[in-house]
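Chain and residue survey
Listed here are the chains, written in short residue letters.
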Amino acid sequence: MYVRDYTVPGRLQDSILYSIEAGGKRLRPILLLATAEAFGAPSEKGVTAAAALEMVHTYSLIHDDLPAMDNDDYRRGMPTNHKKFDEATAILAGDALLTMSTQLIAEDPSLEQTEKLFLIQELTKAAGPRGMVEGQMQDMLSEGKEISLEALENIHKNKTGRLLDFAICAGARLGNASEESMEQMSEMAEALGLIFQIQDDILDVTGDAEVIGKPVGSDVINDKSTYPGLLGLDGAVNQKNDYVGTAQAALKEAGVEGTVLSQLIHYLSTRDH
Ligand SMILES: CC(C)=CCC/C(C)=C/COP(=O)(O)OP(=O)(O)O
Ligand SMILES: C=C(C)CCOP(=O)(O)OP(=O)(O)O
């Protein structure tokens, strides 16, 4: 709906819709809405922030798949955007998704001005050059190199974790969570980001390409450092389980244990796609 409202019919719109409508797990918007609900926000409050976040995530995947980056042919069970269209169109589709995301929040009549400012500032910070973009840069620079577990965690915290952190902090803020709860939720988000990434690395070794919708084994092919690579498969599973404990404990401290967020932590640590 938003994509059609914010674009003109034609090749660019087709390319944007191709990637957005390909689906994916919609994890980030689900997390944002589940957190908003856990803190009692009215249901309409999180909708544009959730859509904006999925737009930013989808832009990042379109660009990540380009030949200049990961050079991947399949995403969300379909040819990648540049394979279906062409590189220039894929770059522009990503640019459009990124810019539309903040417009969407700015124009939402159900949000207060202070909420809009918070959401736009936090989303752009999370996605920007001290967040996801820097994480992607470090990820590219580390290809083909042996890096420490600490350096790997730092890459993931920025590349993947910051958008997940935004999902949770935006949801908590829209539900007027206290400063203390916001801090506990931020801790939960950090653990969740690492759980997500460790499972992603594990699936790249043990997963089924048909179920995941993208090729497996690409980390080895691209010579990337991973948790199973650094810790072994069992070590990666143990590390993930430690973070599950941290995330569940943080939920409890924030007073939102037993909500759908607990189930999401479990799902993310055991997902097969
Ligand atoms: C600014 C940009 C382009 C950011 C990309 C961020 C990102 C999370 C890419 C996918 O990571 P991945 O390569 O580890 O995952 P996948 O295996 O799904 O490609
Ligand atoms: C951060 C990573 C590993 C990129 C893929 O994210 P998702 O696994 O959430 O991708 P979709 O379900 O949205 O396609």
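Definitions and limits used
- Numbers given for residues are sequential positions, taken from 1 along each chain in its written order.
- Here the convention is simple: chains get letters from A, ligands get numbers from 1, in the order in which they are written.
- This being a predicted model, a pLDDT of at least 70 is required before a residue's local features are given, and a value of 80 or more before pairs of side-chain atoms are given or counted; all residues contribute to the totals for chains, interfaces and linings.
- Note that water and hydrogens are dropped before the side-chain values are worked out from all heavy atoms of the structure.
- A fitted line through C-alpha atoms serves as each axis, taken over the contacting stretch for helices, and the angle formed by two N-to-C directions is quoted from 0 to 180°.
- A run of H or I in DSSP becomes a helix once it reaches four residues, and a run of E becomes a strand once it reaches two; helices and strands are each numbered from the N terminus.
- Orientation labels follow simple angle bins: below 35 degrees gives roughly parallel, above 145 gives roughly antiparallel, 65 to 115 gives roughly perpendicular, and whatever is left gives oblique.
- Handedness of a crossing is defined here by the sense of rotation of the near helix relative to the far one, left-handed for an anticlockwise turn of less than a right angle and right-handed for a clockwise turn.
- Throughout, a contact is declared for two residues whenever any of their heavy atoms are within 4.5 Å.
- Any residue that is not Ala, Val, Leu, Ile, Met, Phe, Trp, Tyr, Cys, Pro, Asp, Glu, Lys or Arg is counted as polar, Gly included; the first ten are nonpolar and the last four charged.
- Only protein chains enter the accessibility calculation, which uses a 1.4 Å probe. A residue is then buried if its area is under 20% of the maximum for its type, exposed if over 50%, and partly exposed in between.
- In this text, near means that some heavy atom of the residue lies within 4 Å of the molecule or strand in question.
- Whenever two N or O atoms come within 3.5 Å, that pair is a polar contact, provided that in protein one can donate a hydrogen and the other can accept it, and provided that, for residues adjacent in sequence, both atoms are side-chain atoms.
- Note that accessible areas follow from Shrake-Rupley with a 1.4 Å probe, and for residues the cover is restricted to the protein chains shown.
- The definition of a nonpolar core used throughout is a set of buried Ala, Val, Leu, Ile, Met, Phe, Trp, Tyr and Cys residues joined through side-chain atoms within 4.5 Å.
- Think of a 1 Å grid over just the protein atoms. A cavity is a set of points where a 1.4 Å probe fits yet cannot get out, a pocket is an open set with protein on both sides within 12 Å along at least five of seven lines, and lining residues have an atom within 4 Å of a point.
- Grid points are joined across faces, edges and corners, and a volume is the space filled by probe spheres set on the points.
- The salt bridge criterion pairs a side-chain nitrogen of Lys or Arg with a carboxyl oxygen of Asp or Glu, the two atoms within 4 Å.

1. Observations regarding the packing of helix H4 (residues 47-64) against helix H6 (residues 87-106)
The N-to-C vectors of H4 and H6 enclose an angle of 160 degrees; their axes lie 8 Å apart at closest approach. It follows from the interaxial angle that H4 and H6 lie roughly antiparallel. As H4 runs across H6, the sense of the crossing is left-handed. Counting all contacts with H4, which are made through Thr48, Ala49, Ala51, Ala52, Met55, Val56, Thr58, Tyr59, Ile62 and His63, the residues of H6 involved are Ala90, Ile91, Ala93, Gly94, Asp95, Leu97, Leu98, Met100, Ser101, Leu104 and Ile105. For the contact of H4 with H6, the residue count by class is 15 nonpolar, five polar and one charged.

2. Overview of the environment of leucine 27
Structurally, leucine 27 can be placed in helix H3 (residues 27-38). Of the residues examined, leucine 27 reaches a relative accessible area of 4% and is grouped as buried. Remark: the alpha-carbon pair of leucine 27 and serine 148, spanning 121 residues in sequence, is separated by 28 Å. Look past the residues within four positions of leucine 27 in its chain and what remains in contact with it is Leu164, Phe196 and Leu268.

3. Some remarks on the site of ligand 1
All residues in the neighbourhood of ligand 1 are listed as Tyr59, Ser60, His63, Asp64, Asp70, Arg75, Met132, Gln136, Lys159, Lys214 and Lys224. Aspartate 64 is positioned with one of its side-chain polar atoms (N or O) 3.0 Å from an oxygen atom of ligand 1. A distance of 2.8 Å separates an oxygen atom of ligand 1 from a polar atom in the side chain of arginine 75. Against a free-state accessible area of 510 Å², the protein chains account for coverage of 89% of ligand 1. Only H4 and helix H8 (132-141) provide two or more residues apiece to the shell around ligand 1. Ranked by the residues each element gives to the shell around ligand 1, the list is headed by H4, at four residues. Among the residues making up the shell around ligand 1, the classes are represented as two nonpolar, three polar and six charged.

4. Examining helix H2 (residues 11-20)
The periodicity of an α-helix, 3.6 residues per turn, causes residues three or four positions apart to be oriented the same way. Among the 10 residues that make up H2, seven are buried, leaving the element largely enclosed by the rest of the structure. Among the residues of H2, Gln13, Ser15, Ile16, Leu17, Tyr18, Ser19 and Ile20 are the ones counted as buried. As for H2, its buried residues are in contact with helix H1 (2-6), H4, strand S2 (78-79), helix H5 (81-84) and H6.

5. Considerations on the environment of glutamine 197
With respect to the element layout, glutamine 197 can be found in helix H10 (residues 179-206). Look at glutamine 197 and you get buried, because its relative accessible area is 5%. Taking the C-alpha atoms as reference, glutamine 197 lies 36 Å from proline 9; in sequence the two are 188 residues apart. When residues no more than four places from it in sequence are discounted, the contact partners of glutamine 197 are His156 and Thr160.

6. Points about the nonpolar core
In globular proteins that are soluble, nonpolar side chains generally tend to be buried together. In terms of nonpolar packing, the biggest core is built from 73 residues, with Leu31 and Leu119 touching the most fellow members. Once residues lying within four places of it in the same chain are set aside, the contact partners of leucine 119 are Ala49, Ile105, Leu111, Phe166, Ala170 and Leu174.

7. Regarding the layout of surface pockets
As a volume, the second largest pocket reaches approximately 220 Å³. Glu146, Lys224, Ser225, Thr226 and Gly229 are the residues nearest the centre of the second largest pocket, which is lined by 14 residues in total. The set of elements that each furnish at least two residues to the lining of the second largest pocket consists of H10, helix H12 (218-221) and helix H13 (227-253). Its residues assigned to classes, the lining of the second largest pocket comprises four nonpolar, three polar and seven charged.

8. Let's talk about the pattern of salt bridges
This model, assessed by the stated rule, comprises 14 salt bridges. Measuring nitrogen to oxygen at the nearest pair gives 2.6 Å for the salt bridge that ties aspartate 86 to arginine 11. Here the residue aspartate 86 occupies a position in the loop between H5 and H6, and arginine 11 occupies one in helix H2, the gap between them amounting to 75 residues. Note on aspartate 86: relative accessible area 27%, which makes it partly exposed. The partner of lysine 224 in a salt bridge is aspartate 139, with the nearest N and O atoms 2.9 Å apart. Highlighted residues: lysine 224 in the loop between H12 and H13 and aspartate 139 in helix H8, separated in sequence by 85 residues. By relative accessible area, which is 6% here, aspartate 139 ends up buried. Salt bridges linked by common partners bring Asp70, Asp139, Lys159 and Lys224 together as one network.

9. Describing unusual backbone geometry
Excluding glycine, a negative phi dihedral is what most residues carry, and trans is how most peptide bonds are arranged. In the Ramachandran plot, arginine 76 falls in the positive-phi region, its phi being about 50 degrees despite a non-glycine side chain. Mapped onto the elements of the fold, arginine 76 is located in the loop between strand S1 (74-75) and S2. Residues other than glycine seldom take positive phi values, yet asparagine 176 does so here, at roughly 50 degrees. Mapped onto the elements, asparagine 176 comes out in the loop between helix H9 (149-174) and H10.

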